[in-house]
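Summary of the model geometry
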Amino acid sequence: MTRELEPLARPGLGHANYLAYLDACGMQSAKVAQGFADYGTFQTLVSAQYENGNALGDEELHSIALHELTHLFFHGIAPAGMPDWYAEGLAETFGAQGTFAWDGKTLSVGGSLPKERVATVRAARIPLALLVDVRVLVLMGQDREKSRIFRAECQLLQRFLMQDDCLWHARFEHFETQCRGEVLGAAGARQQPDPMPAGARFKQLFGEDLDKLEAASSPGWISSSGLH
Ligand SMILES: [Zn+2]
């Protein structure tokens, strides 16, 4: 990732060009976002400007580049269509602002989510029963702030599930292995994978425990967000 970040982040891309690219590849739904992982051409695209023409700051630009590169990396290893809460949680693990450091030469990733973002989740948590069905681009179009909370909650939930002593750790790894091994929801060339089959698999494996998982994961967030 270190080598790929530099050419992506420095020149950036004007917002009009970003929108034109999405039109050309039929991904208009991604116009609400600042970046896009194009599985068809295997490249990530980051708009270096907001819709209003203002330039993004370096850290935000790097954050979006890392976020989108994580999507691309996952897809390159196993092109399964994962539910958005999984895909966004993983992308935020490597791309959330405050969790990585880049000095122009070296990239370190995997730090804790900043306390302010953990606090936004604590204040307005999305219930798990709803969270698992969220389509992030739809949510971004409706409520940008809520989509930020969603991504933070996904990151915290995934880190909770990845803890060795988490009651659901083995089941979560089993879920990941199944989705990737069976390449659930994989699509043809130049198409986005379908997250529905993996979403259904998660509900099959975790459905009965969603309430318990919700209750258990919340107090664990502070400790899980301290993992490295
Ligand atoms: Zn994403």
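In the block above lies the structure referred to throughout.
Anyway, here's the lowdown on the structure attached to this text. This is a predicted model, so every value here is computed, not measured.

Structurally, H169 can be placed in helix α9 (residues 169–181). H169 gets classed as partly exposed once you count the C-beta atoms within 10 Å, which come to 14. Put simply, H169 and G57 are 112 residues apart on the chain and 37 Å apart in space, counted from C-alpha to C-alpha. With sequence-adjacent residues up to four places away left out, H169 is seen in contact with L161, M162, Q163 and D164.

What follows concerns the pairing of strand β2 (residues 43–46). Pairing of strand β1 (residues 35–38) with β2 involves four bridges; the strand directions are antiparallel. Bridge pairing in β2 links G35 to V46. The antiparallel pairing of β1 with β2 creates a hairpin that spans four residues between the two strands, and F42 there sits at a positive phi of about 55 degrees.

Time to look at the nonpolar core. In terms of nonpolar packing, the biggest core is built from 46 residues, with V46, L61, A65, M82, L156, C179 and A198 touching the most fellow members. Of all the secondary structure elements, the ones that give two or more residues to this core are β1, β2, α3 (58–77), α4 (84–95), α7 (136–142), α8 (144–162), α9 and α10 (196–206). Among the elements that make up this core, the one with the highest residue count is α8 (seven residues).

Here α4 contains twelve residues, and its C-alpha end-to-end distance of 15 Å stays within 8% of the 16 Å for a straight helix at 1.5 Å per residue. Among the twelve residues of α4, twelve are classified as buried, and the element is accordingly described as predominantly covered. Taken residue by residue, α4 has D84, W85, Y86, A87, E88, G89, L90, A91, E92, T93, F94 and G95 as its buried positions. Among the structural elements, α3, α6 (128–131), α7 and α8 are those in contact with the buried residues of α4.

Relative orientation of the contacting elements helix α5 (residues 115–123) and α8 amounts to 100 degrees, with a least axis distance of 9 Å. Viewed along their axes, α5 and α8 adopt a mutual orientation that is roughly perpendicular. Residues R117, V118, T120 and V121 of α5 form the contact with α8, whose own contacting residues are I149, A152, E153 and L156. Taken together, the residues of the contact of α5 with α8 break down into five nonpolar, one polar and two charged.

With a phi angle near 55 degrees, F42 is a residue other than glycine that sits in the positive phi range. Looking at the element boundaries, F42 is found in the loop between β1 and β2. Taking the number of C-beta atoms within 10 Å as the measure of exposure, F42 has 10 and is therefore exposed. Phi at V183 takes a positive value of approximately 50 degrees, unusual for a residue other than glycine. Mapped onto the fold, V183 is located in the loop between α9 and α10.

Another point: the packing of α4 against α8. Contact geometry of α4 with α8 gives a least axis separation of 7 Å together with a crossing angle of 85 degrees. Taken together, α4 and α8 sit at an angle that is classed as roughly perpendicular. Facing α4, whose interface residues are W85, Y86, E88, G89, L90, E92 and T93, α8 presents F150, R151, A152, C154, Q155, L157, Q158 and R159. Looking at the contact of α4 with α8, its residues break down into seven nonpolar, four polar and four charged.

Analysis parameters
- Throughout this document, residue positions are counted from 1 along each chain, in the order its sequence is written.
- Two thresholds apply to this predicted model, a pLDDT of at least 70 for residue-level local features and 80 or more for giving and counting side-chain atom pairs, whereas whole-chain, interface and lining totals are computed over all residues.
- Runs of H or I in DSSP of at least four residues are treated as helices and runs of E of at least two as strands, each being numbered from the N terminus.
- Exposure classification rests on a simple neighbour count of other C-beta atoms within 10 Å of a residue's own: a residue reaching 20 or more is buried, one at 12 or fewer is exposed, and one in between is partly exposed. C-beta atoms are placed from the backbone.
- By the convention adopted here, residues make contact when the C-beta atoms placed from their backbones lie within 7 Å.
- Here the rule is simple: two strands pair whenever DSSP picks up at least two bridges between them.
- A set of buried Ala, Val, Leu, Ile, Met, Phe, Trp, Tyr and Cys residues, joined to one another through C-beta atoms within 7 Å, is what we call a nonpolar core.
- Given a helix with a known number of residues, its expected span is that number minus one, times 1.5 Å.
- Here the axes come from fitting lines to C-alpha atoms, over the contacting stretch only for helices, and the angles between their N-to-C directions go from 0 to 180 degrees.
- For this classification, under 35 degrees means roughly parallel, over 145 means roughly antiparallel, 65 to 115 means roughly perpendicular, and everything else is oblique.
- Each residue is assigned to one class: nonpolar for Ala, Val, Leu, Ile, Met, Phe, Trp, Tyr, Cys and Pro, charged for Asp, Glu, Lys and Arg, and polar for all the others, Gly among them.

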